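# Analysis of the macromolecular model
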Amino acid sequence: MANIDPLYQFKIKTLVPIHLGGVDLSFTNASLFMLVTTAVICLLTHFSTRKRCLIPGRFQVGAESFFHFIADMIKDYVGAEGVRFFPYILSLFLFVLFGNLVGLIPYTFTFTSHIIVTFALASFVLVGVTVAGFSKHGAGFFKVFFPSGIPLYVAPLLVPVEIISYLSRSISLSVRLFANMVAGHVMLKIFAYFAVLLAGSAFLPAAILPTALNVAIIGFEFLVAILQAYVFAILTCIYLNDALNLH
Amino acid sequence: MEIGAAKMIGAGIATFALLGVGLALGNIFSTLISSIARNPSAKNDLFPIGLLGFALTESIALLAFIVAMLILFSN
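The sections below set out a description of the structure shown in this document. (Residues numbered from 1 in each chain as written. Chains lettered and ligands numbered in written order. Predicted model: local features only at pLDDT ≥ 70, side-chain atom pairs only at ≥ 80, totals over all residues. Heavy atoms only, no water.)

## Quick notes on the overall build of chain B
From N to C terminus, chain B includes three helices and zero strands. Ordered by position from the N terminus, the helices and strands of chain B form the series α-α-α. Against the compact-globule benchmark of 11 Å for 75 residues, chain B has a radius of gyration of 18 Å, which places it well outside the compact range. Looking at chain B as a whole, 28% of its 75 residues are labelled buried. Taking as baseline every contact in chain B between residues at least 6 positions apart, the subset at least 24 positions apart corresponds to 78%. In the form shown here, chain B has an accessible surface area of approximately 5000 Å², with 74% of it arising from carbon and sulfur atoms. (Helix = DSSP H or I, 4+ residues; strand = E, 2+ residues; numbered from the N terminus. Rg over C-alpha atoms; globule rule 2.2 N^0.38 Å. Buried < 20%, exposed > 50% of the residue type's maximum accessible area, 1.4 Å probe, protein only. Contact = heavy atoms within 4.5 Å. Areas by Shrake-Rupley, 256 points an atom, 1.4 Å probe, with all protein chains shown as cover.)

Below, the structure is given as structure tokens:
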């Protein structure tokens, strides 16, 4: 009871130590849960679409609704050109979504609560979007830093601001997901500790209050997990739209 | 000991960011409610935008949380 550490749940534990030339490439619990998430996504999509019925069953409707959800999102926010990026955005969305949801199961590890994981995902988005913009517009892509219809004399002020805001997208995208996950899981643990401490004291019946609150919070955390995956996918679409259709 | 106390005060001050976030969230949802009340048929279009605004604003609050955590737990 003495050592209450709500951040202990984010500790990375080495499962299989691998050291290659001074670089620590160990297989950790984070890697394990990334594999679990990928396996869950692959199994769900494989077994739900295996039969390919004309009248879909329950699981097939689920898999198809993910597909249509992302396809509609790309159509609305990027347009017909964005369809080439559909597999990337769908896999990004499913990876973040199932990573968040698997992390909500007790005794599991949430890999999206580590900034390095989300920052890697967001950096791939930023680099991929920039490469897509350059391959479509060539040097004309630099117009993304100078919106049209702005007088030329504000360019020295506006262009650096636009460049900084463009580069900080990867940071804001990653910190948003990471902070949401960390804050939610810390809150769950803190209220769980309240319940445990109250149950061990003279106020045993009062322990029902933090427990009930924890039940409500976990419902909210499911909303946040789905919402953050949605926000991650939709912001990727918006950034892609900025790069492909210059403003 | 003074440093520990100063850290706790600093973390408490960092939560002042919630003032702005509270105002912003209230603004988002009041605007959403009045928009839907004016035009109920637009509800399905407006609701995802409101949720997006909610998520983007909430992340500002979480930045304050990160700052507070950094103040509390960094050596």
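## As for the pattern of salt bridges
Residue and element names in this part refer to chain A. Under the criterion given, the structure shown has three salt bridges over all chains. The shortest N-O distance in the salt bridge between E81 and K136 comes to 2.8 Å. With E81 in the loop between α2 (58-77) and α3 (86-103) and K136 in helix α4 (residues 115-137), this residue pair connects regions lying 55 residues apart in the sequence. A salt bridge links D242 to R169, with the shortest nitrogen-to-oxygen separation between them at 2.8 Å. (Salt bridge = Lys/Arg side-chain N within 4 Å of Asp/Glu carboxyl O.)

## Topic: the environment of A:P87
All names here are of chain A. The residue P87 is located in helix α3 in this model. Accessibility expressed as a relative area gives 51% for P87, which makes it exposed. For the pair P87 and A71, spaced 16 residues apart in the sequence, the C-alpha separation amounts to 9.6 Å.

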